[in-house]
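Commentary on secondary and tertiary structure
In case you want the letters, here they are:
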Amino acid sequence: MDEGGSLVQRARAVIAPPAHPCYPIMIGRGRGTVITSRDGRRFLDFTSGHAVLNLGHNHPKVMEAVRQQMKSHVHAGGIYCSEATVAAAEELVSIAPDGLDMLFFGNSGTEAVEDAIKLARYTSGRQTIIACTGGYHGRTLGALSLSSSSSSCRWRYQPLLPSVYHVSYPACFICPCGMNPEACGDRCPEEIERLFQRQVPPEEVCAIVVEPFLGEGGYYPAPASYLKGLRRICDRHGILLIFDEVQSGVGRTGKWFCCEHAGVRPDIVTVAGAIASGFPLGAVVSSAELMRRWRAPNHGSTFGGNPVSCAAALATLRVIGEEGLLEATRVTGSRMLRSLQDLAMQNPRIGEVRGMGCMIAVEFVDEAGAADGSLCQELIDACLAKGLILIGCGLKQNVVRLIPPLNVTDAELSEGMAIFADTLHGLSGKVRT
Ligand SMILES: Cc1ncc(COP(=O)(O)O)c(C=O)c1O
């Protein structure tokens, strides 16, 4: 058995199944987009460690910031004031959507969502939350109550939070209303008005929580008109609009936050994932006006805003700005879309190519146009064997995500895209010339 195989066995002996790694790669060294396994194999990481490593593995400036911070102190625990924590907060609110100028730090995405739920309930005095079918917001019980990307993540944990309602997400390729997206006239927001008429009056709703770019649920960017529709509904009824940008934030789509593409400002945004280049950190960001109504004894976190994670976050945000990575991400995204769309023209098993920046998806279908999870899995496995790491998503696991770091080089991108195209050609045998 190779070294990787034996490590997997050791992992299986002591680490619970939900935390087993997807792939038997024993990571030896990670630099930028490239991982070298301990048995000497080279991989291109087009997962960015679950859309976390927006600067790739071990960016030198982030590592240096962390080393410097560790020489000073590593924990403040809500007892002392750390320069690193304050500086990271200042930097994060400076790039947050307009008017969101105060934050609360936690440690992860799911915790940021918990914090957003508590902030919304506490400050509004209302209980009910509306979320979207297909959304994913985390695994802790509050966040899980909003998540519905797959019933498997809810199985045996119910009942979850009461007063949570789910409405359709505008995943247009698999339209929940069975409509041609061009002719639908924005039906999805109307469903919320129907919910108000039949099930819960808007006066009881504290928040609508939505991913502006549906992540785990299949990589569907919401149309701008839908997000604008949500904004109107929230304004009309005094409901807080919460955008969960744990996956789509921090430059992943070529803007600091995905909602900027639609020009829609949320009342609260959740951030985690890429914020600290792999160090655990999350934040819920809102207006100082709303945040100041949240009182000290009613919430808190011992590890939230950890100085080492915050030093990493500050360096991460500065590097993205200084190295022009938002613009670079948009260019990379256009390149990926173009080459995948060319591929789709030749291959009927690609149902759709979509996305923005370095958040791109390819949805696979069978000959009859139905979701094809098997082809998708075969492709991921075959690409892995050739040194390209990819992950899937979606209810039927028929969507491949291409989420390289924002600073992926041209050569790495070409290499990854060539492996993807060649492998698909070899597998599907459906190339039309
Ligand atoms: C949109 C969204 N929200 C929340 C989470 C949960 O984040 P974490 O795994 O850090 O708890 C995720 C994780 O993928 C996510 O994509």
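Here, the structure is the one placed above.
The text that follows walks through the structure, step by step, so that each part is easy to find. (Residues numbered from 1 in each chain as written. Predicted model: local features only at pLDDT ≥ 70, side-chain atom pairs only at ≥ 80, totals over all residues. Heavy atoms only, no water.)

A word on the overall build of the protein
Helix and strand counts for the protein stand at 14 helices and 17 strands. Its C-alpha atoms give the protein principal-axis dimensions of about 60 × 60 × 45 Å. Counting every position in the protein, which comprises 433 residues, the buried fraction comes to 54%. Counted over contacts in the protein with a minimum sequence separation of 6, partners at least 24 positions apart contribute 72%. Surface summary for the protein: the accessible area is close to 18800 Å², and the carbon and sulfur share equals 53%. Charge separation in the protein, taken as the distance between the mean sites of 40 positive and 43 negative side-chain charges, equals 2 Å. (Helix = DSSP H or I, 4+ residues; strand = E, 2+ residues; numbered from the N terminus. Buried < 20%, exposed > 50% of the residue type's maximum accessible area, 1.4 Å probe, protein only. Contact = heavy atoms within 4.5 Å. Areas by Shrake-Rupley, 256 points an atom, 1.4 Å probe, with all protein chains shown as cover. Lys, Arg positive; Asp, Glu negative; His and termini not counted. Charge placed at Lys NZ, Arg CZ, Asp CG, Glu CD.)

Quick word on the sheet that holds strand 16 (residues 391–393)
Pairing within the open sheet is antiparallel, and its 4 strands lie in the order 13-14-17-16. Looking at which strands have only one partner, the edges of the open sheet turn out to be strand 13 (350–356) and strand 16. Shown here is a sheet whose adjacent strand axes are inclined to one another by a mean of 30°, direction ignored. Examined bridge by bridge, strand 13 and strand 14 (residues 359–364) share 6 bridges and lie antiparallel to one another. Of the residues in strand 14, the one forming a bridge with Arg354 is Ala361. Taken strand by strand, helix 13 (residues 373–385) contacts strand 14, strand 16 and strand 17 (399–402), and its axis lies near 35° from that of strand 17. (Pairing = 2+ DSSP bridges. Axes fitted to C-alpha atoms, helices over the stretch in contact; angles between N-to-C directions.)

Some details on the nonpolar core
Generally speaking, a soluble globular protein has its nonpolar side chains buried in company with each other. Core analysis: the biggest nonpolar cluster contains 108 residues, and Leu92, Phe364, Leu402 and Phe420 have the highest contact counts within it. Broken down by element, this core gets its largest block of residues, 8 residues, from helix 11 (residues 307–322). Ignoring anything within four residues of it in the chain, the contact list for Leu402 reads Phe46, Met336, Leu340, Cys358, Met359, Ile360, Val362, Leu390, Met417 and Phe420. Listed in part, the 21 residues of the second largest apolar core include Phe104, Ile129, Val164 and Ile242. (Core = buried A, V, L, I, M, F, W, Y, C linked by side-chain atoms within 4.5 Å.)

Points about the sheet that holds strand 1 (residues 27–31)
One open sheet holds the 4 strands; their spatial order is 1-2-3-15, and the pairing between them is mixed. Looking at strand neighbours, the two that pair on one side only are strand 1 and strand 15 (388–389), the edges of this open sheet. Both strand 2 (residues 34–37) and strand 3 (residues 42–45) contribute to a ladder of 3 bridges, which runs antiparallel. Across the sheet, residue Thr36 finds its bridge partner in strand 3, namely Arg42. With respect to the sheet, helix 14 (residues 410–428) is in contact with strand 2, strand 3 and strand 15, its orientation differing from that of strand 3 by roughly 95°.

So, the pairing of strand 17
Here is the key point about a regular strand: its side chains alternate between the two faces of the sheet. With burial as the criterion, each face of strand 17 is covered, one bearing Val399 and Arg401 and the other bearing Val400 and Leu402. When strand 14 meets strand 17, the two strands line up antiparallel, connected through 4 bridges. Residue pairing for strand 17: Val362 is matched across the bridge by Val400. Across 3 bridges, the pairing between strand 16 and strand 17 is antiparallel. Each residue of the ladder has a partner; that of Cys393, found in strand 17, is Val399. Count of turn residues in the strand 16/strand 17 antiparallel hairpin: 5 residues, of which Gly394 carries a positive phi of about 100°.

Details of the environment of Met63
Relative to the helices and strands, Met63 is located in helix 3 (residues 60–72). Judged by relative accessible area, which is 18%, Met63 ranks as buried. Between the C-alpha atom of Met63 and that of Gln341, which follows or precedes it by 278 residues, the distance is 37 Å. In this structure Met63 touches Asn58 and Phe279, once residues within four positions along its chain are discounted.

Concerning the pairing of strand 6 (residues 164–167)
Inspection of the sheet shows strand 5 (residues 128–132) paired to strand 6 by 4 bridges, in the parallel sense. By the bridge assignment, Ala131 is partnered in strand 6 with His166. With respect to chirality, the unit in which strand 5 leads through helix 6 (residues 141–146) into the neighbouring parallel strand 6 is right-handed. (Right-handed = clockwise from strand over helix to strand, strands pointing away.)

Focus on the packing of helix 3 against helix 11
Two quantities define a packed helix pair, namely the angle between the axes and the distance from one axis to the other. The geometry of helix 3 relative to helix 11 is characterised by a closest axis approach of 8 Å and an angle of 150° between their N-to-C directions. Regarding the angle of helix 3 to helix 11, the classification is roughly antiparallel. By crossing handedness, the relation of helix 3 to helix 11 is classed as right-handed. Between helix 3, through Lys61, Val62, Ala65, Val66, Gln69 and Met70, and helix 11, the contact on the second element is made entirely by Pro307, Val308, Ala311, Ala312, Ala315, Thr316, Val319 and Glu322. A breakdown of the residues in the contact of helix 3 with helix 11 according to their chemical character gives 10 nonpolar, 2 polar and 2 charged. (Parallel < 35°, antiparallel > 145°, perpendicular 65-115°, else oblique. Left-handed = near helix turned anticlockwise from the far one by under 90°. Nonpolar A, V, L, I, M, F, W, Y, C, P; charged D, E, K, R; others polar.)

So, the packing of helix 7 (residues 187–198) against helix 8 (residues 224–237)
Look at helix 7 against helix 8: their axes get within 8 Å of each other, and the N-to-C directions meet at 25°. Classified by the interaxial angle, the pair formed by helix 7 and helix 8 is roughly parallel. Where helix 7 abuts helix 8, its residues Cys188, Pro189, Ile192, Glu193 and Phe196 lie against Tyr226, Gly229, Leu230, Ile233, Arg236 and His237. When grouped by side-chain class, the residues that make up the contact of helix 7 with helix 8 number 7 nonpolar, 2 polar and 2 charged.

Some points on helix 5 (residues 109–124)
Spanning 16 residues, helix 5 covers 22 Å between terminal C-alpha atoms, matching the ideal 22 Å at 1.5 Å per step. For helix 5, a buried count of 12 out of 16 residues is recorded, marking the element as mostly surrounded by other parts of the structure. Once helix 5 finishes, Gly125 follows within two positions and takes phi at roughly 75°, a positive value. (Expected span 1.5 Å × (residues − 1).)

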